[in-house]
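Here's the letter readout for the chains.
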Amino acid sequence: MNDRPRLVETEERAGALWVWLNRPERHNALVPDLLFDLQDAIAEATSCAPVPLVISGRGASFSTGGDIAAFLRHSGSKQELLDYSEFLVGALHSVILDLLRFPAPVLAAVNGPVTGGSTGLLLAADMNAMSETAFLQPYYSEVGFGPDGGWTALLPNLVGASKALEIQYLNKRVFANEALALGLTSCVCPSSQLDQAIKGWVGAIGRGYLQTHQATRRHVWNVSRLDEVRDRLDQEKASFLDLIARPETIAGMEKFAGKRG
């Protein structure tokens, strides 16, 4: 029997299912168990009467992407690191595709920083509200990773190729107000008002016909578009695996982990 702590919590609230990333002591950094719990939560929600799904994070951060310490724990051999990385990135990309296929609107309450591959959880949401203290940042070029989680598969479609490249080349921190200007968020508010912003959207969605929302989302994320995203995510994973076990990348992880203490 698996009695490990659940790293994702769910809560039914005012016509929506809230899904909380629950690893606050590590800023909700991504590890396989968290992603598997997230997959399970999405699958369970998919099998029930469809209501909007809301993703948020416990603690000070939404999620800081792949846990560097966990990567380093698997760096004893090249094959071990490759196996762990393929497991993790594959699970993240499966979650993103599950969100894109979800049969009801997907929202995100961005309570704090979002970095690395966890940005894909926002990119897969239809609408998100960001706390004034939240920001997005890739960090890939600081470590030597290949971008994953949709930074090349989804972000250019939202902000344009040039802006997506600028953000990643310069490891640019995109604060909430700039994210609003770029169309990466629909609302910026104090953290204390995030719940109210989401509640307002859920109420407005609920006043419309669910069948219309379902048809709209299904047409936007049709089979051909999902296939294209899947192919681009597969390219991201292949690049990630090509770079992750190189000596300079391991050195980059060690340096990054040292800076973070």
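This is a predicted model, so every value here is computed, not measured. Counting from 1, residues in each chain are numbered in the order their sequence is written. Whole-chain, interface and lining totals are the exception, using all residues; otherwise, since this is a predicted model, local features are given only for residues with pLDDT of at least 70 and side-chain atom pairs are given and counted only at 80 or more. Computation of side-chain values covers all heavy atoms of the structure but excludes hydrogens and water.

**A look at unusual backbone geometry**
Not every positive phi belongs to a glycine, and A14 is a case in point at roughly 50°. Here the term buried applies to any residue with accessible area under 20% of the maximum for its type, exposed to any over 50%, and partly exposed to those in between, with areas from a 1.4 Å probe on protein chains only. Here A14 falls in the exposed class, since its relative accessible area comes to 57%. The backbone of H27 shows a phi angle near 55°, a positive value even though the residue is not glycine. A run of DSSP states H or I qualifies as a helix once it reaches four residues; a run of E qualifies as a strand once it reaches two. Both are numbered from the N-terminal end. By the element assignment, H27 lies in the loop between β2 (16–21) and α1 (32–47).

**Digging into the sheet that holds strand β7 (residues 135–137)**
By the convention used here, strands pair only if DSSP detects at least 2 bridges between them. The strand order β5-β7-β8 describes an open sheet built from 3 strands, whose pairing is mixed. Where the open sheet ends on each side, the last strands, each with one partner, are β5 (114–115) and β8 (174–175). In terms of strand pairing, β7 meets β8 through 2 bridges, oriented antiparallel. In the sheet register, F135 faces β8, and the bridge partner there is F175.

**A look at the state of the cysteines**
Any cysteine sulfur atom paired with another within 2.5 Å is treated as part of a disulfide. Counted by the stated rule, this structure contains 0 disulfides. The thiol sulfur of C189 is not disulfide-bonded, and the nearest other cysteine sulfur, from C187, lies at 4.3 Å.

Function cannot be read off these values alone, since they describe shape.
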